[in-house]
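# Residue-level structure breakdown
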Amino acid sequence: MTFRKQLFIPNKRAYITGLQRPSVDCIICSIINDDPAVSNLTVWKNTKVAACANLYPYNAGHILLYPLRHIEDPRELTAEESAQMHTLLCQSLARLDSVYHPEGYNIGYNIGEASGASIEHLHQHIVPRYPRELGFVDITAGAKIIIEDPNVTLTRLREAFADLNF
Ligand SMILES: [Zn+2]
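Presented here is an overview of the structure given in this document. (Residues numbered from 1 in each chain as written. Predicted model: local features only at pLDDT ≥ 70, side-chain atom pairs only at ≥ 80, totals over all residues. Heavy atoms only, no water.)

## Some words on the nonpolar core
Across soluble globular proteins, you tend to see nonpolar side chains buried next to one another. Within the largest apolar cluster, 37 residues are counted, with the highest numbers of intra-cluster contacts made by Val43, Leu65, Tyr66, Leu88 and Phe161. Listing elements by their share of this core, those giving two or more residues are helix H2 (27-32), strand E1 (42-45), strand E2 (49-53), strand E3 (63-67), helix H3 (79-100) and helix H5 (150-161). With six residues, H3 is the single largest residue contributor to this core. Among residues more than four places away in sequence, those in contact with Phe161 are Val43, Trp44, Ile63, Leu88, Ser92 and Arg95. (Core = buried A, V, L, I, M, F, W, Y, C linked by side-chain atoms within 4.5 Å. Buried < 20%, exposed > 50% of the residue type's maximum accessible area, 1.4 Å probe, protein only. Helix = DSSP H or I, 4+ residues; strand = E, 2+ residues; numbered from the N terminus. Contact = heavy atoms within 4.5 Å.)

So, in structure tokens, the structure goes:
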């Protein structure tokens, strides 16, 4: 784990100057519950699912979607949660298209430590992709210097999601 720390943390720390990862049991549950110990990154939520900005974005507009219920595997999603996650995915793509105009997306779950997952609470990444950026390996290895102030990201995304209601 020392290797991973050295590989990932310095770039992230350089990018998120002034922000520290809080010591809470589950950072996503803390965000859901508006715990004052964590930054309020929520972009949108209803009674089942939510979206937040990634504190450690790989690219501009990188967001996370998750069920409000703390589960750690997509096989634990109820049919309703699963349908709502998909609706939120589609609605998020439409909004990211209009705000960031990316040329593509990487979408998916990282599950288990070997995948690079650092948060157990099940969450789906939506990573917008842009022309003339570095390859995905460069990005996932943290080799890229990013992009947009997280507060700017949050403002833009919250405006774009303000009309969403399901
Ligand atoms: Zn959780």
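## Some words on the coordination of the zinc ion
Taken together, the protein ligands of the zinc ion are Cys26 (SG), Cys29 (SG), His70 (ND1) and His121 (ND1), with distances of 2.0 to 2.3 Å. Geometry at the zinc ion is tetrahedral, judged from its four donor atoms and the angles of 107 to 115° they form at the metal. Coordination of the zinc ion draws on donor residues from a single chain, spaced C-x2-C-x40-H-x50-H in sequence. (Donors = N, O, S within 2.8 Å, 3.2 Å for Na, K, Ca; no water. Tetrahedral: all angles 85-135°; square planar, octahedral: opposite > 155°, others 65-115°.)

## Some details on the packing of aromatic side chains
Taken as a whole, this structure holds one aromatic pair when the rule is applied. Positioned over the ring face of Phe161 is Arg95, at 5.7 Å from the centre of the ring. Just above the ring of Tyr100 sits the side chain of Arg156; from NZ or CZ to the centre is 4.5 Å. (Phe/Tyr/Trp six-rings, centres within 6.5 Å; stacked < 30°, edge-to-face > 60°. Lys NZ or Arg CZ within 6 Å of the ring centre and 35° of its normal.)

## Describing the pattern of salt bridges
The tally for this structure, following the rule as stated, stands at five salt bridges. Across the salt bridge formed by Glu80 and Lys48, the nearest N and O atoms sit 3.8 Å from each other. Remark: Lys48 occurs in the loop between E1 and E2 and Glu80 occurs in helix H3; sequence separation between them is 32 residues. Since its relative accessible area comes to 44%, Glu80 is described here as partly exposed. The partner of Arg95 in a salt bridge is Asp163, with the nearest N and O atoms 2.9 Å apart. One end of the pair, Arg95, is in helix H3; the other, Asp163, is in the segment after H5, with 68 residues separating them in the sequence. You can call Asp163 exposed: its relative accessible area is 58%. (Salt bridge = Lys/Arg side-chain N within 4 Å of Asp/Glu carboxyl O.)

## A look at the packing of H3 against H5
Two numbers describe how H3 lies on H5: the axes approach to 10 Å, and their chain directions differ by 120°. Looking at the two axes, H3 sits oblique to H5. Handedness of the crossing formed by H3 with H5: right-handed. Of the residues in H5, those touching H3 at Leu88, Ser92, Arg95, Leu96, Val99 and Tyr100 are Thr153, Arg156, Leu157, Ala160 and Phe161. Along the lines of polarity and charge, the residues of the contact of H3 with H5 split into seven nonpolar, two polar and two charged. (Axes fitted to C-alpha atoms, helices over the stretch in contact; angles between N-to-C directions. Parallel < 35°, antiparallel > 145°, perpendicular 65-115°, else oblique. Left-handed = near helix turned anticlockwise from the far one by under 90°. Nonpolar A, V, L, I, M, F, W, Y, C, P; charged D, E, K, R; others polar.)

## Some remarks on H3
With 22 residues, H3 extends 31 Å from end C-alpha to end C-alpha; this agrees with the ideal 32 Å at 1.5 Å per step. If you check which residues of H3 are buried, you get Glu81, Gln84, Met85, Leu88, Leu89, Ser92, Arg95, Leu96, Val99 and Tyr100. One side of H3 carries all its buried residues, which in axial view fall inside an arc of 150°. Close packing links the buried residues of H3 with E1, E2, E3, strand E4 (104-109), strand E5 (124-129) and H5. One or two steps after H3, the chain reaches His101, where phi turns positive at roughly 50°. (Expected span 1.5 Å × (residues − 1). Arc of directions from axis to C-beta.)

Just distances and angles here, no functional claims.
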